[in-house]
Structure formats: C-alpha cells, structure tokens
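Analysis of the macromolecular model
For reference, the chains in residue letters:
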Amino acid sequence: MPNCDIVTYFVQVFSLLGPLVTNSENSLETVAFAALSLGIIYAGSCNYRVSQTIITALMERSEAELLDPLARFLCLGLGLLYLGKMVK
C-alpha cells in the first residue's frame, strides 16, 4: 500500500503541472517541459489522467507547432508514463 504522503505529493504535482499542459495559451516551451516533468514524475505508472492531459495537449496544437523540436518533449513525457510496461 502506498504511503499517503507520497500519494498526496503526486496529486499536488499533477494539480500544479496539469493546468500548464492543458492551457493552450501557454507557450509550447512551457507545455513541453511541464509534460516532460509529469512524465518523469509519473514514469512507469500508466496514469490515465496524466496521459489524457498530454494527449489532449498534443491534439490541440497546430501542425506547425508540432513540427517544432520542443513538441518531442510532449511525446517523451507520454512515453515515460509507460516505461517498462510493454504488457499493459
């Protein structure tokens, strides 16, 4: 059973970084690094809320923005969520 302090920490981190990822008014740099941070923090967890947040951010960006090298960090953050979970 996870420690309640750790669970609280993860919820607080998501509540701080999640809106940075979903707000389309933020710069791609802000969104990309917030998504990468979520991926690092939730690495290997397959967390549905975090993955939906990053996928939504990817879908809301224009094609020109997705060609920017910073957009790769969104994909990296998403990939980190499923690190080591090939079976799931």
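What comes next concerns the included structure. Note that this is a predicted model, so its numbers are computed, not measured.

Some thoughts on the pattern of salt bridges
One pass over the structure, following the stated rule, counts 1 salt bridge. Ionic pairing is found between Arg 61 and Glu 65, a salt bridge with its closest N-O pair at 2.9 Å. The class for Glu 65 is partly exposed, based on a relative accessible area of 28%.

Quick notes on the nonpolar core
The biggest cluster of nonpolar side chains holds 16 residues, and the ones touching the most others in it are Val 21, Leu 38, Tyr 42, Val 50, Ile 54 and Leu 74. Looking at this core, the elements that each hand over two or more residues are helix H1 (4-22), helix H2 (28-41), helix H3 (48-60) and helix H5 (71-81). Tallying contributions element by element places H2 first for this core, with 5 residues. Other than its neighbours up to four places away in sequence, Tyr 42 contacts Phe 10, Val 11, Phe 14, Asn 47, Val 50 and Leu 81.

Each value, and the rule that gives it
Residues numbered from 1 in each chain as written. Predicted model: local features only at pLDDT ≥ 70, side-chain atom pairs only at ≥ 80, totals over all residues. Heavy atoms only, no water. Salt bridge = Lys/Arg side-chain N within 4 Å of Asp/Glu carboxyl O. Buried < 20%, exposed > 50% of the residue type's maximum accessible area, 1.4 Å probe, protein only. Core = buried A, V, L, I, M, F, W, Y, C linked by side-chain atoms within 4.5 Å. Helix = DSSP H or I, 4+ residues; strand = E, 2+ residues; numbered from the N terminus. Contact = heavy atoms within 4.5 Å.

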